[in-house]
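# Structural overview for review
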Amino acid sequence: MKKTLALILAACMSFSLVACGGGGENSTPNPGSQSTGGSQVSGSQTTTGGDAAGKTVGIAMPTQSLERWNRDGAYLDEQFKAAGYKTIVTYSDNKNEQQVNDIQNMLSQGVDLLIIAAIDGNGLNTVMNDAGAANIPVIAYDRLIMNDNVSYYVSFDNYTVGKLQGTYVKDTLDLDNAAGPFNIEFTGGDPADNNAPFFFNGAMDTLKPYIDSGKLNVVSGQTEFSVVGTEQWKTEAALNRAQNVLASYYSDGTKLDAWLCSNDSTALGVTQAVLSDYAGGNSVIITGQDGDVANLRNIKDGVQSMTVYKAVANEAVVTLDLAKAILDGKTADESLISASGWGFDCAFDTESYETTPGNKCPSFLLVPDVVTADNMEEKLVTPGYYKVGADGYLEATNG
Ligand code: BGC
């Protein structure tokens, strides 16, 4: 039942993505919303009435310039409206001050609950404290906010995302059996995003034993998250750093075997750098995350190796059911999962995430999955998230 809903919404979302121009760095805004932020007030379709009637949910997304947040915003908006809530959806152009203003406006407009994917997990204290003072529940969506007024966190298991990327590299290079040594580089995410170190640590913890034993060699020596991070997950920043690393450490013919990238926007930049600036003739293993359309093309073309796919339609389903429980004054814990009938796995976790040291945040964590050229159709097309376009590449459903 819930799975069906997710599929229907996958189709709706895909339509929005097409309507807003596809994605990647050049995405244009959804019709009716403002690319530079500011609030888009969506009318409600009061289909269910009941407890939802008259309630407004504020949905604050970081930016429309990275493909996935268009998907998240569209899914959340659709699902909450279909359940009878009014919604206010904002995208804040990756600017923290703008997100603070957008959330402040939502509070002034009397929202009953906030769903926030933070641009800077440490940058929202003022509005979070205002929300706390007004008793407005806050769901930290995908990215945790470092403030104790967060009521719940809904995300994927971020450490596992990195583990899947590291394991892919380990298995593909057959690190347990092959003689090696192999050469690898790392590109991490935005230091302001609480998820980014989780991704990086999941990957690094998987590969570190091989680095320590000498089977894997990080030729640049750049193994610290603080050094390999990418401001705002920007493709261009990842491209520039990759070009510098290639020029400094690989221009003498040193072989590059793998480049572990934490997500697809950074993988795009690294792939571009490898294609243009790497002299070696071998194909380089490049990892990613999100299943962005441009990266799925690269995977099909064999210039990116894998992406970790996170079904954001399901993340939105969990967020909706959690929000309903909160707004209806019901218990929101493990029992939400058993009562839900969700057709996908989700864990209730009270240990892994802290909003401030010692303050654990109750979290609902979904399970990420590995997508490669070989299983792309089974993982993405069969469930209805994408379809195969006339040119053979995957595109948004209904595209
Ligand atoms: C999300 C990733 C995404 C990245 C950049 C992270 O917080 O979990 O899915 O690739 O932000 O948008």
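Everything below is about the structure shown above.
Quick summary incoming for the structure in this document. (Residues numbered from 1 in each chain as written. Predicted model: local features only at pLDDT ≥ 70, side-chain atom pairs only at ≥ 80, totals over all residues. Heavy atoms only, no water.)

### Considering the packing of aromatic side chains
Summed over all chains, the structure comprises 11 aromatic pairs. Where Phe200 meets Phe225, the ring centres are 5.7 Å apart and the plane angle is 50°; that geometry is what we call tilted. Here Phe200, found in helix α6 (residues 195–213), pairs with Phe225, found in helix α7 (residues 225–228); they are 25 residues apart in sequence, far enough to count as distant. Among the residues examined, Phe200 registers a relative accessible area of 5% and is labelled buried. Between Trp342 and Phe344, the ring centres sit 5.6 Å apart and the planes meet at 5°, which makes this aromatic pair stacked. Residue Trp342 is classed as buried on the basis of its relative accessible area, which comes to 10%. Taking the relative accessible area as the measure of exposure, Phe344 reaches 15% and is therefore buried. Every member of this aromatic cluster is reached through a ring pair, and the members are Tyr152, Phe348 and Phe364. (Phe/Tyr/Trp six-rings, centres within 6.5 Å; stacked < 30°, edge-to-face > 60°. Helix = DSSP H or I, 4+ residues; strand = E, 2+ residues; numbered from the N terminus. Buried < 20%, exposed > 50% of the residue type's maximum accessible area, 1.4 Å probe, protein only.)

### Comments concerning unusual backbone geometry
Following Gly180, the chain continues into Pro181 via a peptide bond in cis, with omega recorded as -10°. Tracing the backbone through its elements, the reader meets Pro181 in the loop between α5 (158–173) and β7 (182–187). For Asp93, which is not a glycine, the phi torsion comes out positive at approximately 55°. Considering the arrangement of structural elements, one finds Asp93 in the loop between β3 (86–91) and α3 (96–108).

### Regarding the nonpolar core
Counting residues in hydrophobic clusters, the biggest one holds 78 residues, and the most contacted among them are Phe80, Ile115, Phe186, Leu216, Leu322, Phe364 and Leu380. Element by element, the count of residues in this core is highest for helix α11 (residues 312–327), at 11 residues. In terms of domain composition, this core takes at least three residues from each of domain 1 (2–156 + 310–366) and domain 2 (159–289). Not counting residues within four places of it along the chain, the set of residues in contact with Ile115 comprises Val57, Gly58, Ile59, Ala60, Leu76, Phe80, Ile139, Tyr141 and Thr319. Counting residues in hydrophobic clusters, the runner-up holds 25 residues, among them Met106, Ile116, Val127 and Leu144. (Core = buried A, V, L, I, M, F, W, Y, C linked by side-chain atoms within 4.5 Å. Domains from an automatic or database assignment. Contact = heavy atoms within 4.5 Å.)

### Quick notes on the pattern of salt bridges
Pairing between side chains becomes possible if they bear opposite charge and their charged atoms approach one another. With the rule as written, the count across this model stands at 17 salt bridges. The residue Arg71 makes a salt bridge to Asp292 at a minimum N-O spacing of 3.5 Å. Taken as a pair, Arg71 in helix α2 (residues 67–82) and Asp292 in the loop between β10 (285–286) and α10 (293–301) lie far apart in primary sequence, 221 residues in all. The burial state of Arg71 is the same as that of Asp292; both residues are buried. Taking the shortest distance from any N to any O, the salt bridge between Lys208 and Asp212 comes out at 2.9 Å. On the criterion of helical spacing, the pair formed by Lys208 and Asp212 is a turn pair, its members being four residues apart in helix α6. Residue Lys208 is classed as partly exposed on the basis of its relative accessible area, which comes to 40%. Residues participating in the shared-partner salt-bridge network are Arg68, Asp72, Asp142 and Glu315. (Salt bridge = Lys/Arg side-chain N within 4 Å of Asp/Glu carboxyl O.)

### A word on the site of the ligand
In the vicinity of the ligand, 13 residues are found, and the nearest of them are Trp69, Asp142, Arg143, Asp193 and Asp290. At 2.9 Å, a side-chain N or O of Arg68 approaches an oxygen atom of the ligand. A distance of 2.9 Å is found between an oxygen atom of the ligand and a side-chain nitrogen or oxygen belonging to Asn263. Protein chains bury 99% of the 310 Å² of accessible surface belonging to the ligand in isolation. Elements with a minimum of two residues in the shell around the ligand: α2 and α6. For the shell around the ligand, the domains that each give at least three residues are domain 1 (2–156 + 310–366) and domain 2 (159–289). (Near = heavy atom within 4 Å. Polar contact = N/O pair within 3.5 Å; in protein donor to acceptor, adjacent residues only side chain to side chain. Areas by Shrake-Rupley, 256 points an atom, 1.4 Å probe, with all protein chains shown as cover.)

### Things to note about the side chain of Asp77
Summarising the element assignment, Asp77 is placed in helix α2. Given a relative accessible area of 10%, Asp77 falls into the buried group. There is a polar contact of 2.6 Å between the side chain of Asp77 and the side chain of Thr87.

### Quick notes on the sheet that holds strand β8 (residues 216–217)
With parallel pairing, four strands are arranged side by side in an open sheet as β8-β7-β9-β10. Looking along the sheet, the strands with just one partner apiece sit at the ends: β8 and β10. Across the sheet, α6 is in contact with β7, β8 and β9 (258–261); its angle to β7 comes to roughly 160°. This element, helix α9 (residues 264–277), spans β7, β9 and β10 of the sheet and lies at about 155° to β9. (Pairing = 2+ DSSP bridges. Axes fitted to C-alpha atoms, helices over the stretch in contact; angles between N-to-C directions.)

In short, the description is geometric, and any link to function would need to be established separately.
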